[in-house]
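Chain by chain, the residues run as shown.
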Amino acid sequence: MTSINTAIQLITREDAERSVVRGGTCSPDLARGPWEFDLPAGPDAAPDYGPGASMQDVAPASTPRQGELPEEYRLAGDEELEARILAAKETLGDRLVILGHFYQRDEVVKHADFVGDSFQLANAALTRPDADAIVFCGVHFMAETADILSRSEQNVILPNLAAGCSMADMADADSVEDCWEQLEELFGTEPDDGGRLPVIPVTYMNSSAALKAFCGRNGGIVCTSSNAATVLEWAFERGQRVLFFPDQHLGRNTAKAMGVPLTEMPMWNPRKVLGGNTEQELLDSRVILWHGFCSVHKRFTVNQIEKARAEFPGVRVIVHPECPMPVVDAADEAGSTDYIRKAIAAAAPGTTFAVGTEINMVNRLAAEFPEHTIFCLDPVICPCSTMYRIHPGYLAWVLEGLVAGEVRNRIVVETDVANHARVALERMLAARP
């Protein structure tokens, strides 16, 4: 099957090839090298996430910039880059481990020693304690987590520093601290007769190390899309209510499935006093949802599901729980990327799947399980903007740097932040579904 990157090149460069993939792409700029978006257009230009699903999201001024990739990597063809990556891997041997997220482009993920979601990859890194370098082909918060959980002597490397996450950026440390102060003023800090605190902070894995540390300091925990329900149960045992950030949809979908009424899940808008809520709405709450979302999963709609059912009677619709609630409700199932993969692997041959998650993963599943019919609910090719910032050119650059004895793009979490974040992560590791 044609890789997503190849399909984008064909669609963009030759209109006659548009029939190769349904619907075209969300931006012709996807066909350009990501290095074209690394450098600001001018001294006052704001950073952005680049073409793809997050291109309309506003990147904070603190968003890391990659800097210019050397020309030899920008001009090298696919075959040359692959040969250079393989040669560097051969030279580095067991000193290197490459982690590749499900959403990475095929041309990158093919070189990974482990492929999975952010939680699986962080754990995978722990299985290689003797590796000098952990090259994380994912996004910034994932590399931070790997640095927190790995040995201090290991170098965690992100091939492109601009590979961030717009959802993670929607909840910054200052805004969450301000929210927490307002909630403490309203709720107080004393436990009830059952020993439960007024509120427990829960952050999704897709958040900065600073927010994981915030949870660690304040009796909170990290969750993944796989164990979100288990984590909420943990939090409800210890608190009267939960502050859940940054993804409103995962929080809402999970709590709703656990029986929490929507009326007890107010949204917190960090730009408004009390998040835009009345005091009574917050006092009556069970889960306070942060105003954040994933731009990839926000693209999926109920109309897409209805169209899939009309075109493919009997289709099995599986979506990620980061999708909006009406989409999750209309689907047959919702689950993490690992859940989606396992569900497809276990299905009877000949099953038709409409999948609501990032297009690179869906395309790869279709190639891996040819006995099924598998397609993405969204007919438009629109990959995760920041995952797509990782290109084989950057991977070759950091690997050849290691061969030369130079560590490029190392991700280091400050000791104090790492220590508190590790507390919240260890609580998450203990909360097994």
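As a reminder, the structure under discussion sits directly above these lines.
Calculation rules
- Residues numbered from 1 in each chain as written.
- Predicted model: local features only at pLDDT ≥ 70, side-chain atom pairs only at ≥ 80, totals over all residues.
- Heavy atoms only, no water.
- Helix = DSSP H or I, 4+ residues; strand = E, 2+ residues; numbered from the N terminus.
- Buried < 20%, exposed > 50% of the residue type's maximum accessible area, 1.4 Å probe, protein only.
- Polar contact = N/O pair within 3.5 Å; in protein donor to acceptor, adjacent residues only side chain to side chain.
- Pairing = 2+ DSSP bridges.
- Axes fitted to C-alpha atoms, helices over the stretch in contact; angles between N-to-C directions.
- Contact = heavy atoms within 4.5 Å.
- Arc of directions from axis to C-beta.
- Salt bridge = Lys/Arg side-chain N within 4 Å of Asp/Glu carboxyl O.
- Disulfide = S-S within 2.5 Å.
- Phe/Tyr/Trp six-rings, centres within 6.5 Å; stacked < 30°, edge-to-face > 60°.
- Expected span 1.5 Å × (residues − 1).
- Core = buried A, V, L, I, M, F, W, Y, C linked by side-chain atoms within 4.5 Å.

Caption draft 1: Seen up close, the side chain of N363. By the element assignment, N363 lies in helix 16 (residues 359-368). For N363, a relative accessible area of 13% corresponds to the buried category. Separated by 3.0 Å, the side chain of N363 and the backbone oxygen of T2 make a polar contact.

Caption draft 2: The sheet that holds strand 2 (residues 114-116), seen in detail. On the basis of which strands lie adjacent, the open sheet formed by 4 strands has the order 2-1-3-4 and parallel pairing. Edge positions in the sheet fall to strand 2 and strand 4 (155-157), since each has one partner strand and no second. Along the sheet, successive strands turn relative to each other by an average axial angle of 20 degrees, direction set aside. Along the sheet face, helix 17 (residues 392-403) touches strand 1 (96-101), strand 3 (133-137) and strand 4 and points at about 175 degrees away from the line of strand 3.

Caption draft 3: View of helix 5 (residues 118-126). Inspection of helix 5 places S118, L121, A122, A124 and A125 among the buried residues, and these make up the whole buried set. For helix 5, the buried positions fall inside an angular range of 160 degrees around the axis, keeping them on one side. The secondary structure elements touched by the buried residues of helix 5 are strand 1, strand 2, strand 3 and helix 6 (140-149). Two or three places before F119, at the start of helix 5, stands the capping residue D117, its side-chain oxygen 3.3 Å from that residue's backbone nitrogen.

Caption draft 4: Structural detail: the pattern of salt bridges. Using the criterion set out here, one finds 22 salt bridges in the structure. Where K307 meets E311, a salt bridge forms, and the shortest distance between an N and an O atom there is 2.5 Å. Placement of the pair is K307 and E311 together in helix 13 (residues 302-311), with a separation of 4 residues, close to one helical turn. A single salt-bridge network, built from bridges that share partners, covers E72, E80, R84 and E400.

Caption draft 5: Broad picture of the state of the cysteines. As enumerated under the stated definition, the model contains 1 disulfide in all. For C26, the disulfide goes to C382, at an S-S distance of 2.2 Å. Because the sign of the S-S torsion sets the handedness, a value of about 80 degrees for the bond joining C26 and C382 places this disulfide among the right-handed ones. With C26 in the loop between helix 1 (4-13) and helix 2 (71-75) and C382 in the loop between strand 13 (373-376) and helix 17, the pair connects residues that are 356 residues apart, well separated along the chain. Taken individually, C26 and C382 each receive the classification buried, so the pair is uniform in this respect. Of all cysteine sulfurs in the structure, the one in C223 sits closest to C215, which takes part in no disulfide; the separation is 9.3 Å.

Caption draft 6: Quick peek at the packing of aromatic side chains. Scanning the entire structure with this criterion turns up 5 aromatic pairs. Aromatic pair W180 and F214: ring centres 5.4 Å apart, planes at 90 degrees, arrangement edge-to-face. Taken together, the residues span a long stretch of sequence, with W180 in helix 8 (residues 173-187) and F214 in helix 9 (residues 209-217) at a distance of 34 residues. Residue classification places W180 among the buried positions, given a relative accessible area of 7%. Of the residues examined, F214 reaches a relative accessible area of 1% and is grouped as buried. A ring pair is formed by F245 and W290, whose centres lie 6.2 Å apart and whose planes are at 65 degrees; its orientation type is edge-to-face.

Caption draft 7: A look at helix 17. Given a rise of 1.5 Å per residue, 12 residues ought to cover 16 Å, and the 16 Å separating the end C-alpha atoms of helix 17 matches this to within 8%. Most of helix 17 sits out of view: 10 of its 12 residues are buried. Among the residues of helix 17, P392, G393, Y394, L395, A396, W397, V398, L399, G401 and L402 are the ones counted as buried. Those residues of helix 17 that are buried are in contact with helix 2, helix 3 (78-92), strand 1, helix 4 (106-109), strand 3 and strand 4.

Caption draft 8: The arrangement of the nonpolar core in detail. With 141 residues, the main nonpolar core has V135, F244, F245, I374 and L399 as its most contacted residues. Among the elements that make up this core, the one with the highest residue count is helix 17 (7 residues). Apart from residues lying up to four places away in sequence, V135 is in contact with L96, V97, I98, L99, I157, P159, L395, V398, L399 and L402.

Caption draft 9: Summary view of the pairing of strand 3. Most of strand 3 is tucked away, with 5 of its 5 residues classed as buried. Both faces of strand 3 are covered, namely the face carrying A133, V135 and C137 and the face carrying I134 and F136. In this structure, strand 1 lies alongside strand 3, joined through 5 bridges in parallel fashion. Paired with I98 across the bridge in strand 3 is V135. In the sheet, strand 3 pairs with strand 4 via 3 bridges, with the strands oriented parallel. Paired with A133 across the strands is N155, a residue of strand 4.

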